[in-house]
Amino acid sequence: MPSAHPASGAARDHFQVLIIGGGTAGITVAARLRRAGLCDIAVLEPADVHWYQPLWTLVGGGRAPLGVTHRPEASVMPRQVHWIREAATAVDPEARTVTTAHRTIGYDHLVMAPGLQLDWDAIPGLGAAVGLGAAVGHGAVSSNYAFEYAPYTWELIRGLRSGTAVFTQPSGPVKCGGAPQKIAYLAADHWRRQGVLDRIRVVLVLPADSMFGVPVWRRALERVAERYGIEVRLNSEMTSVDGAARRLTVADHSTGAEDGLAFDLLHAVPPQRAPGWVERGPLADPASPYGYVEVDKHTLQHPRHRNVFALGDVANLPTSKTGAAVRKQAPVLVANLLAEINGEHREQRRYDGYTSCPLVTARGKVLLAEFDYDQRPAPSIPLLDTTKERRDMWLLKRYGLPALYWRGMLKGLV
């Protein structure tokens, strides 16, 4: 019987379609291509574990165990797709090759889906570049943006009875732009239930000039913050942290001023950017200060290399980087890629920028924000008012969407 995933050691150095990245975007595209009948596909992915990252917020908020957020990578890899268990280090679109530490792989068509990298060291004191080691994951500092720290976030929240809790977001695009706020609301709700919220100063540091880009959900989130008594600092971001001293520096970009802020709990979100080899490579968008791949925002095709496509976190698209966005991007990319492979000269499928962010506002309550490139609401279920906090949207977030992900999206079914 043939192997479900041909061995990476097999003598193959060229594929019709090479997909860089075996995360949400890469696996979804591979599954859809297989369902379309394409056989010569390889996925370049070194990790043995596949993570469902949207639940890490609930792990940090004590509402989900870490164990339900991962499965073996082998279990999600589509059958008969070559799995090359190595990491890309460079791409040459002129030669149509991708390089790893051990080989050079040729391709006819390339799909860029390697995700992004967390740049912990961009904030002095947060990452491991500081002499005494990283602040994150130690003392009073945690982050839900890494699986190894998310359970520690809950430890800190559960143990805090008084003091100052600070929740930060960096400037620039980040995965799930609502996540830095969601953990603040879950924490405040927990403290309210424990009867200690009035003894805790909660500070939310956000780089934008509003809490959310779409007015209807912005107003709803402002009411949530007011309900919990959260101090919201707009146009601001953390520029350094001293974990041992439990003190951080906040820069106010509207005034240029900086001030220190002592904390008893810090949930920090690291700056994020394209992987280094992407940022330094020929596919990067010159207009992106973060090195993301240049791509037509509607067709997901590279403007200078017609046989290259990109989606997910690595693509320089003016929309939020979410799994929901990938769910809408994947069918568009696959349709346009197949048309390119088959030499079909027809109108291409178009992605309208749809993305979704289930904004957790309390234990059992969610605002489901769905919108497009024009910041217009784009509800999947028009009959439901998702501009209000809803219990059914919480159930969708906690149970429905993970099931849809594992059983539908990664199978190429939705």
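Right above here is the structure, for reference.
Here's a quick rundown of the structure. As the structure is a computational prediction, the values presented were derived from the model and not from experiment.

### Quick look at the sheet that holds strand β12 (residues 200-205)
Line of reasoning, step 1. In space, the 5 strands of this open sheet follow the order β10-β17-β11-β12-β13, with parallel pairing throughout. Two strands lie at the open edges of the sheet, namely β10 (141-142) and β13 (231-233), each paired on one side alone.
Line of reasoning, step 2. Relative to strand β17 (residues 265-267), strand β11 (residues 163-168) runs parallel, the two sharing 3 bridges. Bridging across to β17, Val166 finds its partner in Leu266.
Line of reasoning, step 3. Sitting on the sheet, helix α5 (residues 179-193) is in contact with β11, β12 and β17, with an inclination near 155° to β11.

### Focus on α5
Line of reasoning, step 1. With 15 residues, α5 should reach 21 Å at 1.5 Å per residue; the first-to-last C-alpha distance of 21 Å fits that figure.
Line of reasoning, step 2. Within α5, 13 of the 15 residues are buried, which leaves it mostly tucked inside the rest of the structure.
Line of reasoning, step 3. At the exit of α5 stands Gly195, carrying a positive phi of roughly 75°.

### Here's the deal with the pattern of salt bridges
Line of reasoning, step 1. Under the defined criterion, the tally for this structure stands at 16 salt bridges.
Line of reasoning, step 2. Between Asp40 and Arg12 there is a salt bridge, with its nearest N and O atoms 2.8 Å apart. Here Asp40 is found in the loop between α1 (24-35) and β2 (41-44), whereas its partner Arg12 is found in the segment before β1 (14-20), with 28 residues between them in sequence.
Line of reasoning, step 3. With a relative accessible area of 28%, Arg12 lands in the partly exposed category.
Line of reasoning, step 4. Here Asp374 ties to Arg376 by a salt bridge, and the two come within 3.4 Å at their closest N and O atoms.
Line of reasoning, step 5. A relative accessible area of 53% means that Asp374 is categorised as exposed.
Line of reasoning, step 6. With a relative accessible area of 48%, Arg376 lands in the partly exposed category.
Line of reasoning, step 7. Taken together, the salt bridges that share partners define one network made up of Arg201, Glu231, Arg233 and Asp259.

### Considerations on the pairing of strand β7 (residues 97-100)
Line of reasoning, step 1. In this structure, strand β6 (residues 88-92) lies alongside β7, joined through 4 bridges in antiparallel fashion. Across the sheet, Ala90 pairs through a bridge with Thr99, a residue of β7.
Line of reasoning, step 2. For β7 and strand β8 (residues 104-112), the ladder comprises 3 bridges, and the chain directions are antiparallel. Among the inter-strand pairings, Thr97 is bridged to a residue of β8, identified as Gly106.
Line of reasoning, step 3. Joining the antiparallel neighbours β7 and β8 is a turn of 3 residues.

Parameters at a glance
- Residues numbered from 1 in each chain as written.
- Predicted model: local features only at pLDDT ≥ 70, side-chain atom pairs only at ≥ 80, totals over all residues.
- Heavy atoms only, no water.
- Pairing = 2+ DSSP bridges.
- Helix = DSSP H or I, 4+ residues; strand = E, 2+ residues; numbered from the N terminus.
- Contact = heavy atoms within 4.5 Å.
- Axes fitted to C-alpha atoms, helices over the stretch in contact; angles between N-to-C directions.
- Expected span 1.5 Å × (residues − 1).
- Buried < 20%, exposed > 50% of the residue type's maximum accessible area, 1.4 Å probe, protein only.
- Salt bridge = Lys/Arg side-chain N within 4 Å of Asp/Glu carboxyl O.

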